[in-house]
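Structural description and commentary
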Amino acid sequence: RNGLEQAATRYNQIWVEGENVHVLLTDGQGRRFGLVNGKMVKEIPGVKFQGIDSIDLWEESGDPIYYVPVGIQFTISIDAANIKEVTEASIAMIGPGYDLEVDAIRLDPGQKDSIKFASDGKSLTYQTDSNESPIFVLGYESKGADYGFIVRGMSIDSGSAVTLNLDKDKGLLNLSSQGNKQTA
């Protein structure tokens, strides 16, 4: 096995795309990993990152790939404080045998959203403080075929949250919304 395959079996990889979009990981105990007021904070044990060697490069080119040990529950805060105009972001988690993604997030300057990926790849919750219509992608491998689900065209109201739960045994995707006035 090569190094990437070994890393994928022990870690959930967090990929962030979007110009000047930064994330902060927070575990269930309130420990953080990422940039806080321009300083690198590494409070969550076992989390590491790859791709950026300095804070200056970090700010110019976006976030690195984060590696979070499988089994650690965490929330990703998306911070658009440093953007000057509307931009689009994508946040993905790739783990052993599964992938989850929130794509086409339209971020306004100063917007703060959050994503909670289940560490086993079975669910995600996305909360926004703006009106959004992102694309949700969930995929997993099984002994037979591999499966993928895409949810798009759903309007999410400011202040509301959407949760997608994957029942791998039944091959079902459940979607629920909290505080959303729109219908799915």
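All figures in this text were calculated on a predicted structure; none of them were measured in a lab.

In terms of regular secondary structure, the protein is built from 2 helices and 15 strands. Sorting the 184 residues of the protein into buried and exposed places 43% on the buried side. Pairs at least 24 residues apart make up 55% of the contacts formed inside the protein by residues separated by at least 6 positions. Accessible surface for the protein amounts to roughly 9,700 Å². Of this, 45% is attributable to carbon and sulfur atoms.

Next up on the list: the packing of aromatic side chains. Per the stated rule, a full pass over the model turns up 5 aromatic pairs. For the ring pair Phe33 and Phe49, a centre distance of 6.0 Å and an interplane angle of 65° mean the geometry is edge-to-face. In this pair, Phe33 is assigned in strand E3 (residues 32-36) and Phe49 in strand E5 (residues 48-50), connecting sequence segments 16 residues apart. Linked through ring pairs, Phe33, Phe49 and Tyr66 together constitute an aromatic cluster.

What follows is about the sheet that holds strand E7 (residues 74-79). In a beta sheet, neighbouring strands are held together by backbone hydrogen bonds and run either parallel or antiparallel to one another. Ordered in space as E4-E3-E2-E7-E10-E11-E14-E15, the 8 strands form an open sheet in which the pairing is antiparallel. Of all strands in the sheet, those bounded by a partner on one side alone are strand E4 (39-42) and strand E15 (172-178). Ignoring strand direction, the axes of neighbouring strands in this sheet form an average angle of 15°. Pairing between strand E2 (residues 22-27) and E3: 3 bridges, direction antiparallel. Opposite Leu25, over in E3, you have Phe33 as the bridge partner.

Attention now goes to unusual backbone geometry. Notably, Asn20 is not glycine yet its phi reads approximately 60°, a positive angle. Position of Asn20 among the secondary structure elements: in the loop between strand E1 (11-17) and E2. On the basis of relative accessibility, which here comes to 27%, the residue Asn20 falls in the partly exposed class. Of note in this structure, Ala104 is not a glycine but carries a positive phi near 60°. Topologically, Ala104 is positioned in strand E9 (residues 98-107).

What counts, and where the lines are drawn
Residues numbered from 1 in each chain as written. Predicted model: local features only at pLDDT ≥ 70, side-chain atom pairs only at ≥ 80, totals over all residues. Heavy atoms only, no water. Helix = DSSP H or I, 4+ residues; strand = E, 2+ residues; numbered from the N terminus. Buried < 20%, exposed > 50% of the residue type's maximum accessible area, 1.4 Å probe, protein only. Contact = heavy atoms within 4.5 Å. Areas by Shrake-Rupley, 256 points an atom, 1.4 Å probe, with all protein chains shown as cover. Phe/Tyr/Trp six-rings, centres within 6.5 Å; stacked < 30°, edge-to-face > 60°. Pairing = 2+ DSSP bridges. Axes fitted to C-alpha atoms, helices over the stretch in contact; angles between N-to-C directions.

By themselves, these are just geometric observations and shouldn't be taken as functional.
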